[in-house]
Amino acid sequence: MNPPNPSATPPSQGWSWIRRLLATGLILGTLVGLTIAVENWRGTQALKQLQRDLRAAGLPMNLEEAAPSPVPDNRNLAMAPGLETLLDYRRETLDVTREGIPWAEEIQWGDPVESARLSVATVTPHETRIKEPRSTDWTQGNSIPLAEWQAYYRALAARTNRAETAERSKDGKRRLPEDVAARYGVPADLSPHGLNDFFRYRRYPVPPVPGDPAADVLQALELAGVDVDVLQSSLRDRPECRFPLHYSERPSWGILLPHLAKVRQLTTFLRLRACARLAANNANGALRDIELALRLTEGLRTEPLQISQWVRGACIQSWLQPVWEGLSANRWSPDELARLDQLLATVDPQSGVSAALLGALHLGDDSPMNSTARARLLDFQSQRPGRDEAIASGAEARAEILIQWAPQGWFDQNRVRTTRRYWQMLSNHLAWTGTPAVRNWLDQPDSPPYTAGPYSFLDHDFNPRLSFRRLIPELIRCTARVHMARTAIALERCRHRRGTYPETLAELVPEFLASIPPDPIDRQPLRYRRLPDTGGFVLYSIGLDGRDDEALIIDDRRDLFEPQAHGTGDWVWPRRDLP
């Protein structure tokens, strides 16, 4: 054994620390890598178990499976002229990056002119300084103020001018094909926004001197009525309606839904025209408008998206306006009443809840989360409702960090957590629908504050304005109104036949109704009593509190979740007292 050499140079202290740091970094890197691998494995296993459970329960495995079955184009109202271009688009990625990540994209429409042309089927153009007439709520017994609409269109006609709008909207860099521009009479160098404005800002036809309000409103609506009538002619040949959404797009929460705005616009147009036609003693034309509005609305029934069901509920309550006005003013003939009942018998607003919940099981479950998907998710996160509250709690900053750096396994765990929560909501809905337990939706506590943890940073509980806790009572109320409308129609048919309203609803069966439409709150018959003094009747649902308040009316325009909306009031069909 050699003795140590005292003259040998001792190891450098700096190199010793470098070796220690390298060893520590290697250990930490190994631990981080191992942790990521374990979390990815756990996320994958949790996802596989969820998929096994869904398959065993017979539930859809992805958004495409939750989507409604397609129908042949020649039977599909959504593919009729004027509607078939609504979802005819493709996405093109532009040469734009954000921090090195491909970001910007442009939507290329198959027929941009036809898409813009349908925009004329609206009651009002945008970006004008002329105030619309006050909103009308038939549930409070208010009819459409046709005189106000008459004045509105006269003022609008004096202001709108599509030639001036087109001149301001030219874009020399973009040119439409010459044959397309010639076919529609559109300048070839209009900008995309200019196309919309060209059709929207038209000079409305009005008579030189104001006349009958209903006649003047109908004349003004002729501007859009031509395109709507073409669509109306497709009703008999196209008995089904399915809008061809791009369910396979990723990310799924970015699917375009341009059809929702158009369905809402068309329904609003048809509502006004039907009421004007009723006032002009054209009940048959009003009935055709109601049928088209109903068919378009029911095209949303099976869409597995919550926003589609919100729009559907709003549209149903909109086109019930002319139904009520015709009953109130005795405008419907017995045959027209029978046809209205046939149409309303096909409408079940609550059926959309199950479709929306099935879609919620998978909406946004895109994988893998690459850099582009993370960047878009960050942008989506920055625009969502509830962001201000999340920022105040610090959850937003944590969520952004997690979205940027979380391993794939944590995204999978988020998917599992959210899916199982919606699965429980779906189970509750199926168990409670048609029973008094539906009240449980209101008794559930508010969602807890949004927190951003490893398995919860994509939790949807932060979105109070689009929660199912609000959607479900809204659709229950809509169902009650549809059932009351059917019952009121049967009562009116009975009066036409017998000269008076019946003493009880049971007398309507089976001549005017196969069965009495139930109150969706407790599944009991709707409450009804005849008023001998006035010759009218009272018809109502007991409302969300589940208590019969003897037709005490609440203001349905309030939020159903305001404290004063609880515990009092019924949903009442506006009374009609005979002269």
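Because the structure is predicted, anything quoted here is derived from the model rather than measured.

Novice: Kindly report on the nonpolar core, identifying the contributing residues and their values.
Specialist: Ranked by internal contacts, the top residues of the largest apolar core, which has 113 residues, are Trp332 and Trp573. In terms of residue count, the dominant contributor to this core is helix H19 (residues 468-498) (15 residues). Here Trp332 is in contact with Leu278, Ala283, Ala286, Leu287, Ile290, Pro322, Val323, Gly326, Leu327, Leu337, Leu340 and His496, once residues within four sequence places are set aside. Listed in part, the 11 residues of the second largest apolar core include Met369, Leu377, Ile403 and Leu458.

Novice: Requested: an account of unusual backbone geometry, with residues and values cited.
Specialist: Residues other than glycine predominantly adopt negative phi, and peptide bonds predominantly adopt the trans conformation. In this structure, the amide linkage connecting Val509 to the following residue, Pro510, adopts the cis form with an omega of 0°. Residue position: Pro510 is located in the loop between H19 and strand S5 (527-531). For Arg523, which is not glycine, the phi torsion reads 65° and is therefore positive. Relative to the assigned elements, Arg523 resides in the loop between H19 and S5.

Novice: Please give an account of a nonpolar patch on the surface that cites residues and values.
Specialist: On the surface, Trp15, Ile18 and Leu22 cluster together into a nonpolar patch covering about 350 Å² of accessible area. Residue position: Ile18 is located in helix H1 (residues 13-56).

Novice: Describe the packing of aromatic side chains, listing the residues and the values that go with them.
Specialist: The final tally for this structure, using the stated rule, is seven aromatic pairs. Seen from their ring centres, Trp149 and Tyr152 are 5.4 Å apart, and the 85° between their planes marks the pair as edge-to-face. Of this pair, Trp149 and Tyr152 both sit in helix H4 (residues 146-157), three residues apart, roughly one helical turn. A single burial state applies to Trp149 and to Tyr152, both of which are buried. Directly above the ring of Tyr422 sits Arg421, whose terminal nitrogen or CZ lies 4.8 Å from the centroid.

Calculation rules
- Residues numbered from 1 in each chain as written.
- Predicted model: local features only at pLDDT ≥ 70, side-chain atom pairs only at ≥ 80, totals over all residues.
- Heavy atoms only, no water.
- Core = buried A, V, L, I, M, F, W, Y, C linked by side-chain atoms within 4.5 Å.
- Buried < 20%, exposed > 50% of the residue type's maximum accessible area, 1.4 Å probe, protein only.
- Helix = DSSP H or I, 4+ residues; strand = E, 2+ residues; numbered from the N terminus.
- Contact = heavy atoms within 4.5 Å.
- Patch = residues over 30% accessible without salt bridge, like charges linked within 9 Å, V, L, I, M, F, W, Y side chains within 5 Å.
- Areas by Shrake-Rupley, 256 points an atom, 1.4 Å probe, with all protein chains shown as cover.
- Salt bridge = Lys/Arg side-chain N within 4 Å of Asp/Glu carboxyl O.
- Phe/Tyr/Trp six-rings, centres within 6.5 Å; stacked < 30°, edge-to-face > 60°.
- Lys NZ or Arg CZ within 6 Å of the ring centre and 35° of its normal.

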